[in-house]
Amino acid sequence: MTGSRAGRITRRSLVVGGAAVVVAGAAAEAVNLRLLPGRSTMYRVLGLDGPAGTVPDVAPVPSSSGSFVSSARRGRTVGWTIAAPEADGPLPIAVALHGYGDDHADFFGSHLGYDRFLAAHVAAGGAPFAIAAVDGGNRYWHRRADGDDPAAMVVDEFLPLLARRGFDTARLAFTGYSMGGYGALHLAGVLGSARVRAVSAISPALWTSAGDTARGAFDDAADFRANTVLGRQRSLDGIAVRVDCGTGDGFEPAVRTYVDGFSTAPAGGFEPGGHTTAYWRRTAPQQLNFLARHLRS
């Protein structure tokens, strides 16, 4: 009697377990086909995000931080951090744009750890350069209807600050993740190849239509049309471009549309990963190698 019951429980467990696998697989496929929301969360739960990136256990490159009152941002106090290895002469510089809800500090320290990734890059023989991050608020790195203009802040206020501090802003790159990935592509396109050598976008927050955008990303449909990077890939002609995005990222469909719009495919690509710090850390070494190569050429 006991053995018979154990047998029935085992068979039932197998059936339930098998059904769970089928349901999980179907849910994953539905998410992958954009039929369900929450691709990053679902991929993480199902273990499809790929390996998590780890900040190197090394001493970070030296950094300095400060702030200034931005006229372009209507009197807001803007914070910044510059991470730069020791060098004999002026270093080229990558301006790093943060994601929504973050600030300049999130590129460094325990969050993304770019000051340690840069130290590891240089220790391995990579060409040195500096990374400078600045606060843009949650305004999606373009001029807004209320007059707040984080793009002008970067170009007209932060770049001159970097030049005054001895960095070679004639050898300039942009990088960023999420909202900042969009911002990097947008600003590189605005300035063009006469001023920008490279742009590296990680999981850029892109949409193919105004109706799909997140609340607050743009003022209205006209603002979206004026500032979207889709359809403006030619503005990056002459600039080295890298775009990376996880296949579990909700922005991945729009990012693929954007990448497909280049006549020559950008560097980077798509691999398992979500819209997560773990994925951004995993891509960091490739991002830094790409930026270094094009900043030093």
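Treat the numbers as computed from the prediction; the structure is a model and nothing was measured.

Colleague: Would you mind showing me how to read the overall build of the chain here?
Modeller: A tally of helices and strands in the chain yields 8 helices and 8 strands. The 297 residues of the chain split such that 50% are buried. Of the roughly 13200 Å² of accessible surface on the chain, 54% is carried by carbon and sulfur atoms.

Colleague: Could you clarify how one ought to interpret the side chain of His 98 in this entry?
Modeller: Along the polypeptide, His 98 turns up in the loop between strand E3 (92-97) and helix H3 (114-123). At 3.2 Å, the side chain of His 98 and the backbone oxygen of Asp 102 are in polar contact.

Colleague: Is there a simple way to explain the nonpolar core in this structure?
Modeller: One finds Phe 158 and Phe 174 to be the most contacted residues of the largest nonpolar core, which totals 56 residues. Per element, the largest residue contribution to this core is 9 residues, and it comes from helix H4 (residues 150-164). Residues in contact with Phe 174, not counting those within four places in the same chain, are Val 95, Val 154, Ala 184, Leu 187, Ala 188, Leu 191, Val 196, Ala 198, Val 199, Ser 200 and Leu 291.

Colleague: Would you explain empty space enclosed by the protein in this entry?
Modeller: Vacant regions in the atomic arrangement are exposed by a probe of water-molecule size rolled over the atoms. Tallied over the full model, the rule gives 1 cavity of 30 Å³ or more. Approximately 40 Å³ is the volume found for the largest cavity. In terms of lining residues, the largest cavity is bounded by Tyr 182, Ala 205, Leu 206, Trp 207, Phe 218, Phe 224, Thr 228, Val 229 and Leu 230. Looking at the lining of the largest cavity residue by residue, the class counts come to 8 nonpolar, 1 polar and no charged.

Colleague: What is the right way to read the pattern of salt bridges from this model?
Modeller: Oppositely charged side chains may form a pair once their charged atoms are brought near each other. With the rule as written, the count across this model stands at 12 salt bridges. A salt bridge links Arg 76 to Asp 148; its shortest N-O distance comes to 3.4 Å. Of the two residues, Arg 76 sits in strand E2 (residues 76-83) while Asp 148 sits in the loop between strand E4 (130-134) and H4, which places them 72 residues apart along the sequence. On the basis of relative accessible area, Arg 76 is assigned to the partly exposed category, the value being 33%. Notably, a salt bridge pairs Arg 282 with Glu 271, separated by 2.4 Å at the nearest N-O pair. With Arg 282 in helix H8 (residues 277-296) and Glu 271 in strand E8 (residues 267-271), this pair connects stretches of sequence that are 11 residues apart. When its relative accessible area of 34% is taken as the criterion, Glu 271 is described as partly exposed. Salt bridges sharing partners connect three or more residues here, namely Arg 73, Arg 76, Arg 139, Asp 146 and Asp 148.

Rules and cut-offs
Residues numbered from 1 in each chain as written. Predicted model: local features only at pLDDT ≥ 70, side-chain atom pairs only at ≥ 80, totals over all residues. Heavy atoms only, no water. Helix = DSSP H or I, 4+ residues; strand = E, 2+ residues; numbered from the N terminus. Buried < 20%, exposed > 50% of the residue type's maximum accessible area, 1.4 Å probe, protein only. Areas by Shrake-Rupley, 256 points an atom, 1.4 Å probe, with all protein chains shown as cover. Polar contact = N/O pair within 3.5 Å; in protein donor to acceptor, adjacent residues only side chain to side chain. Core = buried A, V, L, I, M, F, W, Y, C linked by side-chain atoms within 4.5 Å. Contact = heavy atoms within 4.5 Å. 1 Å grid on protein atoms, 1.4 Å probe; cavity = no way out; pocket = protein on both sides within 12 Å on 5 of 7 lines; lining within 4 Å. Points joined across faces, edges and corners; volume = space filled by probe spheres on them. Nonpolar A, V, L, I, M, F, W, Y, C, P; charged D, E, K, R; others polar. Salt bridge = Lys/Arg side-chain N within 4 Å of Asp/Glu carboxyl O.

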